[in-house]
Amino acid sequence: MRHVKYFILSAAVLQTASLATICRAQTPNTITSSEPGFEEVLVTGTSLSRQKALEAKKNASQVLEALSTDELGQLPDKNIGESLNRVPGVSMLVEKGEGRFVQIRGIQPALNNVTINGISLGSPEADDGGRAAPMDVVSGSLLGGVQVVKTPTADMDAQGIGGTVNIDVKKPFDNPVDLYGYTTLRYGFEELEPKNKAYGGHDPYSIDALISGKNSDKTFGWLLGGSFSSREYVAQGIYQDDWAPIADNASFALPQEVKNNYYIIGRERSNLSAVLEFKPTQTDTYFVRGFWANWDEYQHRNRYQEALTQDITVLDSVTGTSGPDRISANIRLESPKKNLFTLAAGGENKTEEALFDYLLQYNKNTLDEPYSYWEFRSGRDFGPNSWRVANNGIVTITPDQGTPDRQNPSLIDFRRARFQERDMTENALVGQINFKWNYSGANYVKTGIKFTSTDRDNNYDLSRYDDAGQGLTLGTDPAFTNGAFTNDVEAGDVANIWMNVDAMNRFFNNSSNASYFEFNDGDTFAGSYASDYELTENIYAAFAMGSWQFNSTEIIGGLRAEATDIDSAGYIRKPDSTAEKINAKGDYINWLPSLLLNQKFGKATMLRAAITRGLGRPDYDSIAPRSLYQEETGAGDLSIGNPKLKPRESWNFDVSMEWYPNDLTLLSAAVFYKDISNEIVSRSESFEGQAAIDSALRELGLSGTIDSSILDQLTVSTLENGESSELQGIELNAQTQFTMLPSPLDGLGASISATYIDAEVEIERNDSKEKLPLPGQAETSYNLSLFYQKGSIDAALSYAYNDSFLTDINGSREEDLDQGEFGRWDFKLAWAARDKLKVFFEAVNLNNEPTTEFQGGINKQNTEYEYVGRSVYLGVSYGF
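Computed from a prediction, not measured in an experiment: that's the story for all the values here. (Residues numbered from 1 in each chain as written. Predicted model: local features only at pLDDT ≥ 70, side-chain atom pairs only at ≥ 80, totals over all residues. Heavy atoms only, no water.)

Visitor: Help me out: how do you make sense of the packing of aromatic side chains in this one?
Guide: To describe a pair of aromatic rings, one takes the distance between the centres and the angle between the planes. The final tally for this structure, using the stated rule, is 34 aromatic pairs. On the basis of an interplanar angle of 80° and a centroid distance of 5.9 Å, the ring pair of Trp374 and Phe517 is categorised as edge-to-face. With Trp374 in strand β17 (residues 354-377) and Phe517 in strand β24 (residues 517-519), this residue pair connects regions lying 143 residues apart in the sequence. The exposure classification of Trp374 matches that of Phe517, with both residues buried. Through a chain of ring-to-ring contacts, three or more aromatic side chains come together here, namely Trp374, Phe376, Phe414, Phe419, Tyr465, Phe480, Phe507, Phe508, Tyr516, Phe517 and Phe519. Taking NZ or CZ as reference, Arg231 lies 3.7 Å from the ring centre of Tyr233, over its face. Looking at Lys279, its charged tip hangs above the ring of Phe173, at a distance of 4.4 Å from the centre. (Phe/Tyr/Trp six-rings, centres within 6.5 Å; stacked < 30°, edge-to-face > 60°. Helix = DSSP H or I, 4+ residues; strand = E, 2+ residues; numbered from the N terminus. Buried < 20%, exposed > 50% of the residue type's maximum accessible area, 1.4 Å probe, protein only. Lys NZ or Arg CZ within 6 Å of the ring centre and 35° of its normal.)

The following block contains the structure:
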């Protein structure tokens, strides 16, 4: 029923836009157009951005969505990931209040492709396999535009089952002016500011600047741009883990832990872009482009948690009592630093009928991620208590009078401290050559070759120190804490303790305190080797394609072949607990046909249809032979990566209809279907007897690494290709400006996009097949925007919504986790005080929307309720 409501809403807006364009057609003097018979109107500001985006979509040979920055290079969001969330078929994964990864048409980020000027960008990430490129690293201010390509042609990389996000940096010849530039300054205020005793905290600010020029005869152009932003803000939340039925009342569930966080997040983002272009003739162009992004972050998490497991009694549907239980307090400081660098050189040479282009690009992405993590936990001494479950699922625990003070640090014992260091380096070299021949009018054939070599080295070290029994508590050193406080989360006020991780680290590093700590060497392999790998992935690609145009019909057909060769190395744990490095290889070839049809009906209407083939390569850590071996009384368990994994493959079917009655109006509808094979699943197989075990080890390339003579059985767990999934959906999009209205209302405009997706994946769990929603994708997402631009005023009020979706598949459906629905209102107002000078105001998350999570498909079984508050920014931008 809810989907029907959204469909009706979308259809109503489409109808409204349709009526608006009909009315506009009756008043031609107000149309923004340069066609004969119409008055030419100068379009500036965000209207210019919308017009450029519509032109890019209309003139493309593929199904794509486009974003274009305005004349001063502004995008209203904190990063391009948040901006992309406003286009049809793209949803945003929110982390600590900011959009980070984007999904395209229900496909998880790691299975899509992110490129810069058409060439893969790589990723400075190590978590979740390392293929997902974080969009929050890149600022929008240096970009000339962003496209989301949903129907690839044969000259594009095959990676991208959902699609490809292409980032275009600004270039000197994009602007006909000989010398131009701009500077933008922002200063902001956070609704939730760190308290006096908290870690860090300052108001957000940013600066962007760009300058570009050309010589007098316009044969040489240069551009240099930079962007810096800094933000420190609070994320307060309540987290409730492991909901389960209580022992004497199976119909009533409670979480076993109730936690609350006082999170301080600090983020600094720096971007630099430099471009040199040389055009000695009208037909020859040569360029060098460099782009660098740095992401410097810290996450300081002050967590306090109460157990809820002992002597549970239910009094009614929302209240009850419990016996004495544990109190835990922990503090974590994580400081990841990410660098993304790309340097490209190339050119193109044209003749009257042919185009020859070539490029060589080097990428280097790095991650340095240290953290300190201290844990303290009491005995089961705190209580008895009473508890209450609110309508939103938040559980409040109240201690009875006369029970121990649950915020007394001296009653909470030291448990363990962990120190992590992760380093990841990714180097990639990309070379390509293309040749295009226009043999008859707009008809052409195109062919090319491409080579991509990626070297990735992931190193992870973890040291753990346990309590040595010397009575260390959270109150042993007064510097460990700064007192108790009430964490005033929007969902409810809860107890917490200010903890000082720097003081704890100083205490640990003081040699006179060594007797308090005992090094835990039981995790030496897991902490030093199990996650380490080295990998080289070489991709050899070739394609041939052609475009044939017959009057108003365009047909594009092509075939791409990609051969992938992988050399990897990881470590296996031997029975004597030592580590042995092993090497492995994997290779596969994929043939990828594509057929696209574009049919014009007059000047305003376009029908598009496409059948394409896409790939989603396995995560890097899945294809590396990193492994863990354990043995007990003749039984061995070996968990190992699988270098022989093949990529997921999809057949993609798309049909869309687009109507462009004028330069600022679009109505479109698209349907799509994806049939995905070679899904990757976990498999286990047992081998009995020395001969069978030796044969299995030889097949895995591990002969001699395990003493099979002492084993009766060996169980090997790995990832394999096998399952399949299907996905289908519809996208609706409409936008227009109501120029038929009397002045000053003729500056009003509106846009809406809505996406509905139906997708399932079949998994094997508990010895049976089970169908689940496709992880990571909201079935419904939509975006609404009401904007106004007239004279010196430019304003927009927007709302972006994602429905809830499955995030974690665990041991049973009752244990699975879902991300809650998320909808955010944002506002922007700009005033052009004078020519090229703008003053603006931005407000983000006006409705103070929390990020939520719940367990077992039951909203009330809430496992996360986190707020970051509202943010407002004031700024000024000047261009010349």
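Visitor: For this particular structure, what's the right way to read the sheet that holds strand β6 (residues 143-149)?
Guide: By definition, the strands of a sheet pair up through backbone hydrogen bonds, in either a parallel or an antiparallel sense. Overall, mixed pairing links the 5 strands, which are arranged β1-β6-β7-β4-β5 in an open sheet. Both outer strands of the open sheet, β1 (64-67) and β5 (119-120), are each paired with one neighbouring strand and no more. As paired strands, β6 and strand β7 (residues 164-169) are joined by 6 bridges and run antiparallel to one another. Pairing of Val149 across the sheet is with Thr164, part of β7. (Pairing = 2+ DSSP bridges.)

Visitor: Sorry, what's going on with the sheet that holds strand β18 (residues 385-389) here?
Guide: Spatial ordering of the open sheet is given by β13-β14-β18-β19, a layout of 4 strands whose pairing is antiparallel. Each end of this open sheet is capped by a strand with a single partner; those strands are β13 (313-314) and β19 (395-399). Of the pairings in the sheet, the one linking β13 to strand β14 (residues 319-322) comprises 2 bridges and is antiparallel in character. In the sheet register, Thr313 faces β14, and the bridge partner there is Thr321.

Visitor: Explain the pairing of strand β21 (residues 443-467) here, please?
Guide: Consecutive residues of a regular strand have side chains that alternate between opposite faces of the sheet. Looking at chain direction, strand β20 (residues 413-440) and β21 are connected through 24 bridges and run antiparallel. Counted as the bridge partner of Trp437 is Val445 from β21. The hairpin turn running from β20 into β21, its antiparallel successor, is 2 residues long, and Gly441 in that turn takes a positive phi close to 60°. One ladder, built from 15 bridges, connects β21 with strand β25 (residues 533-550); its direction is antiparallel. Across the sheet, Val445 pairs through a bridge with Gly546, a residue of β25.

Visitor: How do you make sense of the side chain of Thr219 when you look at a structure like this?
Guide: For Thr219, the location among the structural elements is in the loop between β9 (205-214) and β10 (220-246). Non-local contacts of Thr219, meaning those with residues more than four positions away in its chain, are made with Phe173, Glu277, Phe278, Lys279 and Pro280. (Contact = heavy atoms within 4.5 Å.)

Visitor: Please clarify how unusual backbone geometry should be interpreted in this entry.
Guide: A negative phi holds for most residues other than glycine; trans holds for most peptide bonds. The amide bond that connects Gly383 to the next residue, Pro384, takes the cis arrangement and shows omega of 0°. With respect to the secondary-structure elements, Pro384 resides in the loop between β17 and β18. The amide bond that connects Ser743 to the next residue, Pro744, takes the cis arrangement and shows omega of 10°. Mapped onto the elements of the fold, Pro744 is located in the loop between β33 (713-737) and β34 (748-765).

Visitor: Just to check I follow, could you spell out helix α7 (residues 690-699) for this structure?
Guide: An α-helical segment advances 3.6 residues per turn. Residues three or four places apart therefore align on the same side. Listing the buried residues of α7 in full gives Ile693, Ala696 and Leu697. Mapping the buried residues of α7 onto a view down its axis gives an arc of 100°, with all of them on the same face. Turned more than 90 degrees away from the buried face of α7, the exposed residues are Ala691, Arg698 and Glu699. (Arc of directions from axis to C-beta.)

Visitor: Where do I start with the nonpolar core in this structure?
Guide: When a protein is soluble and globular, its nonpolar side chains tend to lie buried together. Counting residues in hydrophobic clusters, the biggest one holds 38 residues, and the most contacted among them are Trp374, Leu474 and Met504. Residue contributions to this core peak at 5 residues, all from strand β23 (residues 492-499). Filtering out sequence-adjacent residues up to four positions away, Met504 remains in contact with Ile331, Trp374, Phe376, Leu474, Phe480 and Met499. Of all hydrophobic cores here, the second largest spans 28 residues; its members include Ile104, Val137, Val148 and Leu340. (Core = buried A, V, L, I, M, F, W, Y, C linked by side-chain atoms within 4.5 Å.)

Visitor: Just checking my understanding: could you explain empty space enclosed by the protein for this structure?
Guide: Regions of empty space are outlined by a rolling probe, equal in size to a water molecule, passed over the atoms. Under the criterion given, the structure shown has 11 cavities of 30 Å³ or more. Empty space within the second largest cavity amounts to approximately 510 Å³. Surrounding the second largest cavity, 33 residues form its lining, Asn113, Ser120, Gly122, Arg131 and Gln159 being those nearest its centre. Going through the elements one at a time, β3 (98-104), β4 (113-116), β20, β21, β25 and β26 (553-573) are the ones with two or more residues in the lining of the second largest cavity. In terms of residue class, the lining of the second largest cavity is made up of 15 nonpolar, 10 polar and 8 charged. (1 Å grid on protein atoms, 1.4 Å probe; cavity = no way out; pocket = protein on both sides within 12 Å on 5 of 7 lines; lining within 4 Å. Points joined across faces, edges and corners; volume = space filled by probe spheres on them. Nonpolar A, V, L, I, M, F, W, Y, C, P; charged D, E, K, R; others polar.)

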